[in-house]
Amino acid sequence: MSDSLNRAEFLDGKRDKGQARADTWRRNEHMEQLAALRDSHPDMFERMGTTVRMSLGYYENDKQIAAQHGRDVNKGGN
């Protein structure tokens, strides 16, 4: 079913999911601190719950997509 929906076109054209994700991305200081913790204390980060680590992965993926679509992802660039 989702494959059919992914291939569907809307009246105003095919949706650009990357652009939609880039448009909705917002800088989250808690996620930025979590990324810093991962880089500085990987052992502590690995002991955190799976949900927290997955959330950071989704956040960083959306941040990368936002940067690819021309968004300023640096501090203060919401």
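Relevant structure appears above.
These numbers were taken from a predicted model, which means no experiment stands behind them.

Lay out the packing of aromatic side chains in plain terms, naming residues and giving numbers.
In the structure shown here, the tally under the stated rule is one aromatic pair. Ring geometry for tryptophan 25 against tyrosine 59: centres 5.8 Å apart, planes inclined by 40 degrees, an arrangement best described as tilted. Placement of the pair is tryptophan 25 in the loop between helix 2 (17-24) and helix 3 (29-40) and tyrosine 59 in helix 5 (residues 50-68), with a sequence separation of 34 residues. Judged by its relative accessible area of 4%, tryptophan 25 is buried. The exposure class of tyrosine 59 is buried, given its relative accessible area of 10%.

Outline the pattern of salt bridges, supporting the account with residue identities and numerical values.
For side chains bearing opposite charge, pairing can occur when the charged atoms are close. All told, the structure shown has seven salt bridges when counted by the stated rule. A salt bridge links aspartate 62 to arginine 21; the shortest N-O distance between them is 2.3 Å. Of this pair, aspartate 62 sits in helix 5 while arginine 21 sits in helix 2, placing them 41 residues apart in sequence. Aspartate 62 sits in the partly exposed class, given a relative accessible area of 21%. In this structure, arginine 27 and glutamate 29 form a salt bridge, with 2.8 Å as the shortest nitrogen-oxygen distance. Residue classification places glutamate 29 among the partly exposed positions, given a relative accessible area of 36%.

Quick one: what's the story with the packing of helix 3 against helix 5, residue by residue and with numbers?
Contact geometry for helix 3 and helix 5: axes closest at 10 Å, N-to-C directions at 110 degrees. The orientation of helix 3 with respect to helix 5, classified from their angle, is roughly perpendicular. Every residue of helix 5 that contacts helix 3 at Met31, Glu32, Leu34, Ala35 and Arg38 is listed here: Val52, Ser55, Leu56, Tyr59, Glu60 and Lys63. Its residues assigned to classes, the contact of helix 3 with helix 5 comprises six nonpolar, one polar and four charged.

Reading guide: rules and limits
- Residues numbered from 1 in each chain as written.
- Predicted model: local features only at pLDDT ≥ 70, side-chain atom pairs only at ≥ 80, totals over all residues.
- Heavy atoms only, no water.
- Phe/Tyr/Trp six-rings, centres within 6.5 Å; stacked < 30°, edge-to-face > 60°.
- Helix = DSSP H or I, 4+ residues; strand = E, 2+ residues; numbered from the N terminus.
- Buried < 20%, exposed > 50% of the residue type's maximum accessible area, 1.4 Å probe, protein only.
- Salt bridge = Lys/Arg side-chain N within 4 Å of Asp/Glu carboxyl O.
- Axes fitted to C-alpha atoms, helices over the stretch in contact; angles between N-to-C directions.
- Parallel < 35°, antiparallel > 145°, perpendicular 65-115°, else oblique.
- Contact = heavy atoms within 4.5 Å.
- Nonpolar A, V, L, I, M, F, W, Y, C, P; charged D, E, K, R; others polar.

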